[in-house]
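A structural walkthrough
Chain by chain, the residues run as shown.
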Amino acid sequence: MHVDSWITTYRNIVPDEYLDGLKYEEREKQWERNLQHATAFVAENKTGEVIGFADGGKERSSDYPDIGGEVYAIYILKAYQGQGVGKLLMQAISKELLDRDIQSMIVWVLKENQSSGFYENLGGKVIDEKYITIAGKQIPELAYEWADINVIAKQN
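Summary of the structure given here. Being a predicted model, the structure only gives us computed values, none of them experimental. (Residues numbered from 1 in each chain as written. Predicted model: local features only at pLDDT ≥ 70, side-chain atom pairs only at ≥ 80, totals over all residues. Heavy atoms only, no water.)

**Considerations on the overall build of the chain**
Looking only at helices and strands, one finds 6 helices and 6 strands in the chain. Starting at the N terminus, the α and β elements of the chain follow one another as α-α-α-β-β-β-α-β-α-β-β-α. Judged by the C-alpha coordinates and their principal axes, the chain covers about 40 × 40 × 30 Å. For the chain, with 156 residues in total, the buried portion stands at 45%. Within the chain, contacts between residues separated by at least 24 positions form 59% of all contacts whose residues are at least 6 apart in sequence. (Helix = DSSP H or I, 4+ residues; strand = E, 2+ residues; numbered from the N terminus. Buried < 20%, exposed > 50% of the residue type's maximum accessible area, 1.4 Å probe, protein only. Contact = heavy atoms within 4.5 Å.)

What follows is the structure in structure tokens.
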């Protein structure tokens, strides 16, 4: 699901050779490592297929001392985008962070990602921009912040 969502979400943003080289087995191993340090939530359709996931925890960089939490990743298969799945996953992460007494969070999003308006609709504010390099290409990322994640956790 992670590989499939990268291919559909980041085509024409991330170099094709990188996307075409993604391997399911490698991502599976990556998630085995990631899940040792993060809390993940999975969304399934009515037949039990995984259609989305999100993971998060403490803010990792320490560059933002006033922000306690971070959404490390959130992906939804293209066929299920725009149906409220992402909002439910963001609420789950927010509630988990609140249970850990973390009141704020950040998420980094590729600037050209067409879903970036999703974060603004949830009340996120752009607070920073940086560039990451993927397959030799410099790609801008935006940081969205929620100073009070109760805004997400309590949305209907």
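**Here's the deal with the pattern of salt bridges**
Counting across every chain of the model gives 4 salt bridges. The residue lysine 111 makes a salt bridge to glutamate 129 at a minimum N-O spacing of 3.5 Å. Pair noted here: lysine 111 is in the loop between strand S4 (105-110) and helix H5 (117-121) and glutamate 129 is in strand S5 (residues 125-134), with a separation of 18 residues, a long-range link. For glutamate 129, a relative accessible area of 34% corresponds to the partly exposed category. (Salt bridge = Lys/Arg side-chain N within 4 Å of Asp/Glu carboxyl O.)

**What about the side chain of asparagine 45?**
By the element assignment, asparagine 45 lies in the loop between strand S1 (39-44) and strand S2 (50-58). By relative accessible area, asparagine 45 is classed as buried at 16%. There is a polar contact of 2.9 Å between the side chain of asparagine 45 and the side chain of threonine 47. (Polar contact = N/O pair within 3.5 Å; in protein donor to acceptor, adjacent residues only side chain to side chain.)

**Quick word on the packing of aromatic side chains**
Considering all chains together, one arrives at 5 aromatic pairs under this definition. Three or more aromatic residues joined by ring pairs make a cluster, and in this case those are Phe118, Tyr119, Tyr144 and Trp146. The ring of tryptophan 108 carries the charged tip of lysine 130 above its face, separated from the ring centre by 4.4 Å. (Phe/Tyr/Trp six-rings, centres within 6.5 Å; stacked < 30°, edge-to-face > 60°. Lys NZ or Arg CZ within 6 Å of the ring centre and 35° of its normal.)

**Observations concerning the sheet that holds S2**
If you trace the 6 strands from one edge of the open sheet to the other, you get S1-S2-S3-S4-S6-S5, paired in mixed fashion. The open sheet has two free edges, formed respectively by S1 and S5, since each of these has just one partner strand. Between one strand axis and the next, the sheet turns by 25° as a mean value, whatever way the strands run. Pairing of S2 with strand S3 (residues 69-76), which is carried by 7 bridges, proceeds in the antiparallel orientation. Residue pairing in the sheet places phenylalanine 53 in a bridge with tyrosine 75 of S3. Helix H4 (residues 85-99) contacts S1, S2, S3, S4 and strand S6 (137-146) of the sheet and is inclined by roughly 155° relative to S3. (Pairing = 2+ DSSP bridges. Axes fitted to C-alpha atoms, helices over the stretch in contact; angles between N-to-C directions.)

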